[in-house]
Amino acid sequence: MSQIPFEHKMAAHCESGMLSALLKHRGLVISEPMVLGISGAIFFVFVKTPYMVFPVFDMRNMPGQMRKNLGKRLDIKYAVQKFGSAEKARASLEALLDKGIPTTVQVDMFYMDYIPSYMRVHFNAHFIVVVGKENGGFLVSDCYYPSLSMIAQDSLDKARFAKSDFAPKGFQFYIASVPEGGLREDTLKKAVVQGIRQASFNMVKLPVPFIGVKGMRRFADSIPAWPKIARNMDALSHAIMSIHITLEERGTGGGGFRFMYASFLQEAATLLNRPELSDMSKKIMAIGDRWRELSLFVARVGKDRDLGDGRLQEIRRMIYARADEEEAFFKTLLSMVK
Amino acid sequence: MKENDARVDYDEHQVLLYVEKADGSYGPLQTGAYLTKNYVDDFFQKRQNIETECTGRLRKGDISPVVYYMLLYNMTPADIAMRVGISKGKVIKHQTPAGFAKAPVEVVKRYADVFGVSVANMFQLIVPKEKNLTVTSRKTANPYLSVLEIGRGNQ
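Predicted model, so just to flag it, every value in this text is computed and none were measured.

A look at the interface of chain A and chain B
The interface is formed by 40 residues belonging to chain A together with 34 residues belonging to chain B. Of all elements in the fold, only α5 (153-160), α9 (233-249), α10 (258-272) and α11 (275-303) of chain A reach the threshold of two or more residues within the side of chain A that touches chain B.

Focus on the confidence of the model for chain B
A low pLDDT means the predicted coordinates there should not be read in detail. Mean pLDDT over chain B stands at 94; residues scoring 70 or higher make up 99%. Confidence metrics for the complex model read pTM 0.95 and ipTM 0.95.

Let's talk about the sheet that holds strand β3 (residues 77-81) of chain A
Residues and elements named next belong to chain A. Pairing is antiparallel across the open sheet formed by six strands, whose spatial order is β3-β8-β4-β5-β6-β7. Of all the strands in the sheet, just β3 and β7 (149-152) have a single pairing partner and so form its edges. Strand-to-strand, the axes of this sheet are offset by a mean angle of 40°, without reference to chain direction. Both β3 and strand β8 (residues 172-177) contribute to a ladder of five bridges, which runs antiparallel. Directly across from Gln81, in β8, lies its bridge partner Gln172. Contacting β4 (103-107), β5 (126-134), β6 (137-141) and β8, helix α1 (residues 14-25) runs over the sheet at an angle of about 45° to β5. Relative to the sheet, helix α4 (residues 86-98) contacts β3, β4, β5 and β8, its axis offset from that of β5 by approximately 65°.

With respect to the environment of Gly116 of chain B
Structurally, Gly116 of chain B can be placed in the loop between α7 (105-115) and β3 (133-139). Each C-alpha atom, one on Gly116 of chain B and one on Tyr69 of chain B, is 9.6 Å from the other, the two residues being 47 residues apart in sequence. Excluding its chain neighbours within four sequence positions, the residues that come into contact with Gly116 of chain B are Phe110 and Arg120 of chain A.

Side note on helix α4 (residues 77-84) of chain B
Residue and element names in this part refer to chain B. When you tally the buried positions in α4, you get seven out of eight residues, the bulk of the element. All of the buried residues along α4 are Pro77, Asp79, Ile80, Ala81, Met82, Arg83 and Val84. Lining the buried residues of α4 we find α3 (65-72), α5 (88-93) and α7. One or two positions beyond α4, positive phi appears at Gly85, with a value near 90°.

What about the domain arrangement of chain B?
What the domain assignment lists for chain B is domain 1 (3-32) and domain 2 (40-126). Domain 1 of chain B and domain 2 of chain B are separated by 39 Å when their C-alpha centres are compared.

As for the pairing of β5 of chain A
All names here are of chain A. Counting buried residues in β5 gives seven out of nine residues, a clear majority hidden from the surface. In this structure, β4 lies alongside β5, joined through five bridges in antiparallel fashion. Residue pairing in the sheet places Thr103 in a bridge with Val130 of β5. The pairing of β5 with β6 spans five bridges and is antiparallel. Note that in β6 the partner of Val129 across the bridge is Ser141. In this structure, the hairpin formed by β5 and β6 is closed by a connection of two residues, where Asn135 is found at a positive phi of approximately 50°.

Criteria and thresholds
- Residues numbered from 1 in each chain as written.
- Chains lettered and ligands numbered in written order.
- Predicted model: local features only at pLDDT ≥ 70, side-chain atom pairs only at ≥ 80, totals over all residues.
- Contact = placed C-beta atoms within 7 Å.
- Helix = DSSP H or I, 4+ residues; strand = E, 2+ residues; numbered from the N terminus.
- pLDDT = per-residue confidence, 0-100.
- Pairing = 2+ DSSP bridges.
- Axes fitted to C-alpha atoms, helices over the stretch in contact; angles between N-to-C directions.
- Buried ≥ 20, exposed ≤ 12 C-beta atoms within 10 Å, placed from the backbone.
- Domains from an automatic or database assignment.

Structure representation (structure tokens):
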């Protein structure tokens, strides 16, 4: 089986980057920030389940939602499949590759053979594009890596059928159709406005206590109690430093997706000819800078094991300040697209 | 974030950030990962501390390898239970050597898959006596058999 000609490119985030690359393969050029913005993906959710040692947060919407929202708003159709067994999933994937169709699969990141040991964590909602099969392994385009990578068949099977939260169940999809003649400008304009409206609503209006700015404050409030959860100082330090990873290095484009959202708003301002969105893009860039200040702070105090109650309260206050800024920002943004 | 503030010289782990370019436009920048460059040694030190703590307890018979890998990968019994496909209560029972002894080999294989090790490594610690030895565990077509290759220098 030969390799499908597919332009591999690093991206900030696996889902938005993979969608942008797949669309480009089908002749539609939509930047990664536009995918993020149109799909209304910028978000905040505070999560605490028995499956995790410490409470965590994420700054984008549910995995899979970017694909669904983008498809709905731009009339892109996907062929989506799930499977009951690794053998059936593999056979279907190989058949698609034989037809020259780059196919996205959902995987547990832990089994990606090519990642360094310090990045090996069980996370079931990572997306990669399979573009070929060679010597019993699969050739994959993973947006987090500078070049195409190889993964053993056994590892890919395990990754596609990992259990627990967001279990992939062999999930795969490819782009079945895009609008004939390319995207119409009015469709794109409407989609941009819908994306902004949805994201702003989710951040400040959704009546759920663990989502949006309310979720930020709830997450902040949980932090001073972390020493009671931690089995020792190393574990507490790891959890605090993980805030940096979630904000900066777990595929956000920096500042918890806020820098990428600034880029989206800048594109949106030009597309819609609305200079006020350009001002908003500068504001969210500045908010992203302050998220980055927080992430550099937690990395430093975590490394120094400087994690007394005073420091944890300081982190709590910093997150509260971000929540206040974002509440004002997204209320203004929502008022612009009502 | 300004482009120059975002640049980190670290080829081993690259990330893509969105930054403000010199002309005021916003766009992507491929650069090194700040945390990895500056703090990965701390991550490995924490791992080493867990290994030191757990191998002592393993040798004494206080804990089973399930606890060792659970702490190493920062997992909870509930998550392991879901991934292995057994109840949380069973995972808790398997945390002692006596409880682990009752786990069927097929379940031990599923634990090994979740922890990314061979079945053999659920029953042994590999401790090279010389510094320049390379130890590599190779999979075989037999899911219950791995081959441990030991050599000098980079193999």
